[in-house]
Amino acid sequence: MLFGYPVSATEENWLHNCLCEILHSIHASVKTATTLPAWPEIVPEPYRPRLHRRTGLKDRLNTYRTVLENLTIEEQERILQSLHDQNQIALLLSCQCNCDAITDLPQPIREPVKELFKFAFDLLTDMEIRDRHYKVIYDAVPSHTCPFCGCENFDAPRVPREALDHYLAESKYPFAASNLRNLVPMGNKCNSRYKLAQDILFSDDGTRRKSFDPYNCTGIRLSLENSQPFAGTLTTTGQVPKWQIEFAPTSEEILTWDKVFRIRERYEKDVLDPAFKSWLDDFKLWCKSAKIAPSSDQELVDGLNSYATLYEEMGISDRAFLKAAVFRMLHTHCQQGDQRLISLIMSIVNPGQTNLPQTP
Ligand SMILES: [Zn+2]
């Protein structure tokens, strides 16, 4: 992903922590056959005033406990271990630990776990935790842009809300479904068209894989330097370069990200191919407004350099990082003396002029 979220956004994780604490109490009481305090005393005291009216939580905890009582000690322990492991988000994403999926656990407990954590996830909205979490992220992210694609804009905090993705899918890892550390605001296209319920921890062939940690990600650089002008497809607006989209530093996380969100395909088909011609026209307008009329190769190279630098300084906003990469690539190729490319850009910048002077 292009940049990360501040981990401080996940600080208000008390609801999830409280739920885990209650489940530990339930497991301990079932294991030792001791009596648990009744609702709401089962809720740790600091959280009780905020939760005592949430009887939906009480009902789901009772169901969980009833099912648990009918399982063996070994099964109970495996479930408790799974509660712990599924919430080791950072370690799971970096492949430093593994966890059972819900389908690895005894069948009777699966639905009660899903129901319980789905209810807790919905409580995040009811209790406005989700909105506060989003506001911290919205205020911190550059240009209010989805970091998974860099192309979708985030709306200001309000209803209707942006999508909140269960990074580890709730269908497989429901114990993490109310953990803010596993919940990431995501643009609607990234969420609904690309990621869906894909398992970020495993590829389609079942291989374990590393993924970016949205709350501990320092960002990456994109380069189009190795693209080939005039070697791409012929679109309705003319010939486009054969795009070579590269990210640095290279990592397994980038492979997963590209696979899950189909990043290279989306950049090529949705941005670079359709925008290339209009971006060259933008360059022409910029030259005009800056009163730059390149009459030599070097003047054109200098103009491209200034234009690329301008967009590099704009960062992520309005897909500027992609436009910057395109013009940096054009600058490099022209600087290396690609006469066909120089002639093309000259003819756009100086329409109607022929026999343009060349650098001796
Ligand atoms: Zn997106």
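Scoring rules and cut-offs
Residues numbered from 1 in each chain as written. Predicted model: local features only at pLDDT ≥ 70, side-chain atom pairs only at ≥ 80, totals over all residues. Heavy atoms only, no water. Domains from an automatic or database assignment. Contact = heavy atoms within 4.5 Å. Buried area = accessible area lost by both parts, 1.4 Å probe. Salt bridge = Lys/Arg side-chain N within 4 Å of Asp/Glu carboxyl O. Polar contact = N/O pair within 3.5 Å; in protein donor to acceptor, adjacent residues only side chain to side chain. Helix = DSSP H or I, 4+ residues; strand = E, 2+ residues; numbered from the N terminus. Nonpolar A, V, L, I, M, F, W, Y, C, P; charged D, E, K, R; others polar. Donors = N, O, S within 2.8 Å, 3.2 Å for Na, K, Ca; no water. Tetrahedral: all angles 85-135°; square planar, octahedral: opposite > 155°, others 65-115°. Buried < 20%, exposed > 50% of the residue type's maximum accessible area, 1.4 Å probe, protein only. Pairing = 2+ DSSP bridges. Phe/Tyr/Trp six-rings, centres within 6.5 Å; stacked < 30°, edge-to-face > 60°. Lys NZ or Arg CZ within 6 Å of the ring centre and 35° of its normal. Core = buried A, V, L, I, M, F, W, Y, C linked by side-chain atoms within 4.5 Å. Lys, Arg positive; Asp, Glu negative; His and termini not counted.

**Q** Please clarify how the domain arrangement of the protein should be interpreted in this entry.
**A** Annotation of the protein at the domain level lists domain 1 (7-195) and domain 2 (221-349). Contacts between the two partners involve 13 residues from domain 1, matched on the other side by 14 residues from domain 2. Buried surface at the junction of domain 1 and domain 2, summed over both partners, amounts to about 1,100 Å²; 63% is from carbon and sulfur atoms. In terms of surface lost to domain 2, no three residues of domain 1 exceed F148, C151 and Y194, which account for 46% of the buried area on that side. Linking domain 1 with domain 2 are zero salt bridges, by the criterion used here. Summed over the shared surface of domain 1 and domain 2, the number is two residue pairs in polar contact (both at pLDDT 80 or more). The element contributing the most residues to the side of domain 1 that touches domain 2 is helix α8 (residues 188-195), with four residues. Its residues placed into classes, the side of domain 1 that touches domain 2 shows seven nonpolar, three polar and three charged.

**Q** How should I be thinking about the coordination of the zinc ion in this particular structure?
**A** Geometry reference: four tetrahedral donors at a metal, ideal angle 109.5 degrees. Six octahedral donors, ideal angles 90 or 180 degrees. For the zinc ion, the full set of protein donor atoms is C146 (SG), C149 (SG), E152 (OE) and C190 (SG), and the range of their distances to it is 2.2 to 2.4 Å. Seen from the zinc ion, its four donor atoms lie at angles of 96 to 123°, and the figure they make is tetrahedral. Site description for the zinc ion: donor spacing in sequence, C-x2-C-x2-E-x37-C. In this pair, C149 sits in the loop between α7 (129-140) and β1 (163-166) while C190 sits in helix α8, placing the two residues 41 residues apart along the sequence. Looking at C149, the relative accessible area reads 1%, which means it is buried. A relative accessible area of 0% places C190 in the buried class.

**Q** I keep staring at the pairing of strand β2 (residues 183-186) and nothing clicks. Help me out?
**A** On any regular strand, side chains alternate: one points to one face of the sheet, the next to the other face. Residues L183 and P185 line one face of β2 and the alternating positions V184 and M186 line the opposite face, and both faces are buried. Inspection of the sheet shows β1 paired to β2 by four bridges, in the antiparallel sense. Bridge pairing links H166 to L183 in β2.

**Q** What's the story with the packing of aromatic side chains in this structure? I'm lost.
**A** In this description, a pair of aromatic rings is defined by centroid distance and the angle of the planes. Tallied over the full model, the rule gives 17 aromatic pairs. With a centroid separation of 5.9 Å and 40° between ring planes, the pair formed by Y134 and Y138 is classed as tilted. On the criterion of helical spacing, the pair formed by Y134 and Y138 is a turn pair, its members being four residues apart in helix α7. Looking at Y134, the relative accessible area reads 10%, which means it is buried. Taken together through their ring pairs, the aromatic side chains of F283, W286, Y307, Y311 and F327 make up a single cluster. R208 extends its terminal NZ or CZ atom over the ring of F202, reaching a point 5.7 Å from the ring centre. Over the ring of F230 we find R340; its NZ or CZ atom is 4.0 Å from the centre of that ring.

**Q** When you look at the nonpolar core in this model, what are you seeing that I'm missing?
**A** The nonpolar side chains of a soluble globular protein tend to be buried, and buried together. Among the nonpolar cores identified, the biggest contains 77 residues, and F148, W257, F283, F327 and I345 are the most heavily contacted of them. At 11 residues, helix α10 (residues 263-289) tops the list of elements feeding residues into this core. Contacts of F148, omitting those with residues within four sequence positions, involve M1, Y5, Y167, V184, P185, M186, C190, P214, W257, F261 and I263. Core analysis: the second largest hydrophobic core is formed by 40 residues, C18, I109, V113 and F121 among them.

**Q** Where do I start with the environment of R132 in this structure?
**A** Tracing the backbone shows R132 in helix α7. Sequence separation between R132 and A9 is 123 residues; the distance between their C-alpha atoms is 8.1 Å. Within the structure, the side chain of R132 is placed 3.2 Å from the backbone oxygen of M127, a separation counted as a polar contact.

**Q** What is the right way to look at the side chain of D273 in this model?
**A** One can find D273 in helix α10. Among buried Asp, Glu, Lys and Arg side chains, D273 stands out as unpaired, with K269 the closest opposite charge at 4.3 Å. Once residues lying within four places of it in the same chain are set aside, the contact partners of D273 are T233, V240, W243 and E268.

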